[in-house]
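A closer look at the structure
Here is how the chains run, residue by residue.
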Amino acid sequence: MNSAQHVKLLKTLYQLVVNNFLAVVAVAAAATVLQRASLEEILGRARAVRPVHGLLALLAAAAAAKLRRMRRPKDVYLVEYGCFRPKACFRAPFATCLEHAHLMPYLVDEESVRFAIRLLERSGLGEETCVPDAYHYMPPDRSLQASREETELVIFSAVDDVFARTSVKPADIDVVIVNCSIFTPTPVFADMVVNKYKLRADVQNVNLSGMGCSAGLVSVGLAKNLLQVAQPGTHVLIVSTEILSSQYYVGTERAMLLPNCLFRMGAAAMILSNTPERARFKLGRVVRTVTAARDADYRCVFQEEDDKGNTGIRLSKDLATTAGHALKTNVAAFGPLVLPPSEQLLVALSLHKRKLLSGRAKVRLYRPDFRTAFEHFCIHAGGRGVIDEVQRGLGLSEEDVEASRMTLHRFGNTSSSSVLYELAYIEAKGRMRKGDRVWMISFGAGFDCNSVAWECVKPAADADGPWEDCVHRYPVQLPEVVKDI
């Protein structure tokens, strides 16, 4: 046995002992008692206990257990989810993007075109990502009607998909939450869903906007709070999307051209409930971090006009770094809630060591291994740099971030719905098992970082989803690129 195997064995033994400390202590205590007293002596002492005292002890234990269950918040479950799957006619290969740009010299200059193509080649996006009909016009159709048509296509397709996958009917929906960051018409999207599916008159609806790519997991947190105080059997429908048609930027500011290159059409729908019936996943911890108090973070993703009056979203060149800082703060709150005791002990020891050696030596803090807490990771596919930053910060392997990279390659940045496309990828590959734990991470304007933990109750029966016609081609090898553009 070599040294690497010795280290692995010692680490496994350490985790077994620390993570099961109470059980180890209980077994040791029981062994000590059995050593000091014979079996007959123990049975004799048990017979000496009066029956009424034994009954009272049982009643007290049952009452304590009942009180604990009553005070514990209701569990929340993901019943099912569905994603919009765009048709091939919406594809936007790089050659098409280049041709359209050259045919619109009155909108985009040649230097901006070269920049956009270089960015696309380095972005991690593939040739099958899709954009709405409005982007296929020259110039792009940024009308209200075009945005409404895109909205109805992606939202209704995702909701139809989720209803087709479960026995929950539209009449069973009690709450509707729809999130879209930029485009918010009147009536709002939530009303659009109520009208389309003829939901009950007493349905509660909420429309979230301006939260960027983090809004999907923000909606999950909101649904959790509602379900934990609602009557058993309550169902919440969540729809996450980003409507692109009216947001095409026609200027030449490089930081504002980025969204044109990265964002693609997509939508996802979820049905959550506070009863385990028909559930596929159980919701765990939800942690949201907002760093908007820092000016740089607040302006990291910012809608504004350029010097020529063209409206667009400006993405800071420090976006990946800002995401890394927000993730660090988020992990500091999320980690203690999900990490096993063995990892928490190592973190505590490294903190104590740093404190003891303060001023005398530089002590590197221990980076916890989150793979001891989760089997799968769904990192928002916001761009190659964002995924790289999270992978480096958490010490994840290429296999851990495969779902994120492949989602970015196949579907692009679909904003708040991207983490569900990633979950669908993991299930389409047949990697999800009962009891597996999933960590979803999203980032959004503000700046926000959100973490949501799930535990699989029932894996998907098949791979029928957004990856149905292409999962056999993945994973693909992504080219190495130079970071500077």
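Coordinates for the structure precede this section.
Residues numbered from 1 in each chain as written. Predicted model: local features only at pLDDT ≥ 70, side-chain atom pairs only at ≥ 80, totals over all residues. Heavy atoms only, no water.

Time to look at the overall build of the protein. Broken down by element type, the protein carries 16 helices and eleven strands. For the protein, the proportion of its 485 residues judged to be buried stands at 47%. Contacts in the protein between residues far apart in sequence, at least 24 positions, make up 81% of those at least 6 positions apart. When the accessible surface of the protein is totalled, it reaches about 24500 Å², and 57% of it is carbon and sulfur. (Helix = DSSP H or I, 4+ residues; strand = E, 2+ residues; numbered from the N terminus. Buried < 20%, exposed > 50% of the residue type's maximum accessible area, 1.4 Å probe, protein only. Contact = heavy atoms within 4.5 Å. Areas by Shrake-Rupley, 256 points an atom, 1.4 Å probe, with all protein chains shown as cover.)

Look at helix H12 (residues 319-338) against helix H14 (residues 384-394): their axes get within 9 Å of each other, and the N-to-C directions meet at 40 degrees. Compared by their axis directions, H12 and H14 come out oblique. H14 is crossed by H12, and the crossing has right-handed handedness. Of H14, the residues touching H12 (which contributes Ala320, Gly324, Leu327 and Val331) are Gly385, Val386, Glu389, Val390 and Leu394. Partitioning the contact of H12 with H14 into residue classes produces six nonpolar, two polar and one charged. (Axes fitted to C-alpha atoms, helices over the stretch in contact; angles between N-to-C directions. Parallel < 35°, antiparallel > 145°, perpendicular 65-115°, else oblique. Left-handed = near helix turned anticlockwise from the far one by under 90°. Nonpolar A, V, L, I, M, F, W, Y, C, P; charged D, E, K, R; others polar.)

By the bridge criterion, five bridges tie strand E2 (residues 175-179) to strand E3 (residues 204-208) in an arrangement that is parallel. Paired with Asn179 across the bridge in E3 is Leu208. Handedness of the crossover is the feature at issue here: the chain leaves E2, passes through helix H8 (residues 189-197), returns alongside E3, and the resulting connection is right-handed. (Pairing = 2+ DSSP bridges. Right-handed = clockwise from strand over helix to strand, strands pointing away.)

For the rest of this paragraph, the subject is the side chain of Glu427. You can see Glu427 is positioned in helix H16 (residues 418-428). When its relative accessible area of 9% is taken as the criterion, Glu427 is described as buried. Reaching out from Glu427, the side chain makes a polar contact with the side chain of Arg280 at a distance of 2.6 Å. If we skip the residues at most four places from it in the chain, Glu427 touches Tyr81, Arg280, Phe281, Met432, Pro459 and Ala460. (Polar contact = N/O pair within 3.5 Å; in protein donor to acceptor, adjacent residues only side chain to side chain.)

This part takes up the pattern of salt bridges. Under the definition given, this model contains 21 salt bridges. The salt bridge involving Arg299 is made with Glu304; its shortest N-O contact spans 3.4 Å. Counted as one network, the salt bridges with shared partners bring together Glu253, Arg299, Glu304 and Arg314. (Salt bridge = Lys/Arg side-chain N within 4 Å of Asp/Glu carboxyl O.)

As a further point, take the sheet that holds strand E10 (residues 437-444). Here we have nine strands laid out as an open sheet, ordered E3-E2-E4-E5-E1-E6-E11-E10-E9, and mixed in their pairing. The open sheet has two edge strands with one neighbour each: E3 and strand E9 (376-379). Along the sheet, successive strands turn relative to each other by an average axial angle of 20 degrees, direction set aside. Summarising the sheet, strand E4 (residues 235-241) and strand E5 (residues 267-273) pair through seven bridges and their orientation is antiparallel. Within E5, the position partnered with Val239 by the bridge is Ala269. Relative to the sheet, H14 contacts E9 and E10, its axis offset from that of E10 by approximately 130 degrees.

As a further point, take the environment of Glu110. Counting through the fold element by element, Glu110 comes out in helix H6 (residues 110-122). Sequence-wise, Glu110 and Thr252 are 142 residues apart; in three dimensions their C-alpha atoms are separated by 9.7 Å.

On the surface, Leu55, Leu56 and Leu59 cluster together into a nonpolar patch covering about 300 Å² of accessible area. Position of Leu59 relative to the elements: it lies in helix H4 (residues 51-71). (Patch = residues over 30% accessible without salt bridge, like charges linked within 9 Å, V, L, I, M, F, W, Y side chains within 5 Å.)

The side chains of a regular strand alternate, first on one face of the sheet and then on the other. Of all seven residues in strand E1 (residues 77-83), seven are buried, a share of seventy percent or more. Examined bridge by bridge, E1 and E5 share six bridges and lie antiparallel to one another. Across the sheet, Glu80 pairs through a bridge with Ile271, a residue of E5. Where E1 lies against strand E6 (residues 281-290), two bridges are found, and the strand directions are antiparallel. Pairing of Leu78 across the sheet is with Phe281, part of E6.

We now examine the environment of Ile238. Among the secondary structure elements, Ile238 is positioned in strand E4. Remark: the alpha-carbon pair of Ile238 and Ala269, spanning 31 residues in sequence, is separated by 5.5 Å. Excluding anything up to four places from it in sequence, Ile238 contacts Ile177, Asn179, Ser219, Val220, Ala223, Ala268, Ala269, Met270 and Leu272.

Here the focus is the packing of aromatic side chains. Any two aromatic rings considered together are summarised by their centre-to-centre distance and by the angle between their planes. In this structure the tally under the stated criterion is 16 aromatic pairs. Taking the centre distance of 6.0 Å and the plane angle of 85 degrees together, the rings of Phe156 and Tyr197 count as edge-to-face. Placement of Phe156 in helix H7 (residues 144-164) and of Tyr197 in helix H8 is noted, with a sequence separation of 41 residues between them. We note that Phe156, like Tyr197, is buried. When the centroid spacing of 5.8 Å and the interplanar angle of 70 degrees are considered together, the rings of Tyr298 and Phe302 count as edge-to-face. (Phe/Tyr/Trp six-rings, centres within 6.5 Å; stacked < 30°, edge-to-face > 60°.)

Right, let's talk about the packing of H7 against H8 for a bit. Between two packed helices, the angle of one axis relative to the other and the distance separating the axes together describe the packing. Closest axis-to-axis distance for the H7/H8 pair is 11 Å, and the angle between their directions is 60 degrees. What the angle tells us is that H7 and H8 run oblique. Crossing angle aside, the handedness with which H7 passes H8 is right-handed. Across the interface between the two elements, Arg148, Thr151, Glu152, Ile155, Phe156, Val159, Asp160 and Phe163 of H7 pack against Phe189, Met192, Val193, Lys196 and Tyr197 of H8. Tallied by class, residues from the contact of H7 with H8 come to eight nonpolar, one polar and four charged.

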